[in-house]
Structure formats: structure tokens, C-alpha cells
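# Structure at a glance
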Amino acid sequence: MTLEVQIQSFVYSFLYGMFFSLMLNLHYTLLFQSKKWVQIILSFLFLLDHVLVYFIFLRWINQGIFHPYFLLLLYLGYFVGNHTTKKLRGKWFSSFST
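Note on numbering: residues in each chain are counted from 1, in written sequence order. Two thresholds apply to this predicted model, a pLDDT of at least 70 for residue-level local features and 80 or more for giving and counting side-chain atom pairs, whereas whole-chain, interface and lining totals are computed over all residues. Heavy atoms throughout the structure, all of them, feed into the side-chain values; hydrogens and water do not.

### Overview of the overall build of the protein chain
Strands are runs of DSSP state E lasting at least 2 residues, helices are runs of H or I lasting at least 4, and numbering of each runs from the N terminus. Tallying secondary structure elements over the protein chain gives 3 helices and 0 strands in all. The helix and strand sequence of the protein chain, counted from the amino end, reads α-α-α. Look at the contacts in the protein chain between residues 6 or more apart in sequence, and 80% of them connect residues 24 or more apart. Using a 1.4 Å probe, the Shrake-Rupley method yields the accessible areas, and only the shown protein chains count as cover for residues. In the structure as shown, the protein chain presents an accessible area of about 7000 Å², 75% of it carried by carbon and sulfur atoms. A contact between two residues is defined here by any heavy atoms of the two lying within 4.5 Å.

### A closer look at the packing of helix H1 (residues 3-31) against helix H2 (residues 36-62)
Where helices are involved, their axes are fitted lines through C-alpha atoms of the stretch in contact, as for all axes, and angles between N-to-C directions lie from 0 to 180°. Packing of H1 against H2 leaves a shortest axis separation of 11 Å and a crossing angle of 165°. One way to sum up the angle between H1 and H2 is to call them roughly antiparallel. Like other packed secondary-structure pairs, H1 and H2 cross with a definite hand, here right-handed. Contacts between H1 and H2 involve Val5, Gln8, Ser9, Tyr12, Ser13, Tyr16, Phe19, Phe20, Met23, Leu24, His27 and Leu31 on the former and, on the latter, Gln39, Leu42, Ser43, Phe46, Leu47, His50, Val53, Tyr54, Phe57, Leu58, Ile61 and Asn62. Just so you know how the angles are binned, under 35 degrees is roughly parallel, over 145 roughly antiparallel, 65 to 115 roughly perpendicular, and the rest oblique. Each crossing gets its handedness from the near helix: less than a right angle anticlockwise from the far helix is left-handed, clockwise is right-handed.

### With respect to the confidence of the model for the protein chain
Summary of the metric used: pLDDT quantifies the predictor's per-residue confidence within the range 0 to 100. Averaged over the protein chain, the pLDDT score is 85; the fraction of residues at 70 or greater is 90%. For the protein chain, per-element mean pLDDT is lowest for helix H3 (residues 68-97), which scores 79, and highest for H2, which scores 91.

### Remarks on the packing of aromatic side chains
Given two aromatic rings, their pairing is described by the distance between the two centres and the angle made by the two planes. Any two rings among Phe, Tyr and Trp, with Trp reduced to its six-membered ring, count as a pair given centres within 6.5 Å; such a pair is stacked if its planes are under 30 degrees apart, edge-to-face if over 60, and tilted if neither. This structure, assessed with the given rule, holds 15 aromatic pairs. Where Phe20 meets Tyr78, the ring centres are 6.2 Å apart and the plane angle is 45°; that geometry is what we call tilted. Of this pair, Phe20 sits in helix H1 while Tyr78 sits in helix H3, and the two are 58 residues apart along the sequence. Where Tyr54 meets Phe55, the ring centres are 5.3 Å apart and the plane angle is 75°; that geometry is what we call edge-to-face. Aromatic ring contacts, followed pair by pair, group Phe10, Tyr12, Tyr16, Phe19, Tyr54, Phe55, Phe57, Trp60, Phe66, Tyr69 and Phe70 into a single cluster.

See the structure below:
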């Protein structure tokens, strides 16, 4: 794997972690408006979709080669994104409940 492909994979993993954090915070607000069995199904489908999208784009970038440091950058992007989008949970949810 060339250095350019590794850097693209790093950036993608970090940005996807931030995107996942945003989507998880939006999903969190919708999750508590439904019944228990709907919550379980929606959570499973949400996670399955995001895992598939991550690996499909990773395959497009570097032929699906996965290294543990991509996971590290995914976590780092998630925590950075969660820090910035955590406030969105209450604001977005309150706009739907009024």
C-alpha cells in the first residue's frame, strides 16, 4: 500500500468516525420515541448500515485492506465528533417534541 493510499485511508477513517458520531447522536434522539422492539431493530439496522458503508468505501479506497490503526483513527474521529455534536442531541430532539 502506498503512502498516498494510507493517508487517504487515515483521513477517511477519521472523517467517518466524525460522521458516525453525528449520525449516532441524531439516531439517539429518535430512538427513545419508539417501542422497545422497534428500538432494537432500528439500532441493529443502523449499525449494520454504517459498518457496511465504512467497509465499502474502505474497499474502494485501498482494496479493503484493514489495519488496526484505521480503527484507532475511527475511534479518534468518533470522540472528536462526539465532543462537537453532543449538544445537538438536546436541540434536535426538542425541535421535534414541540
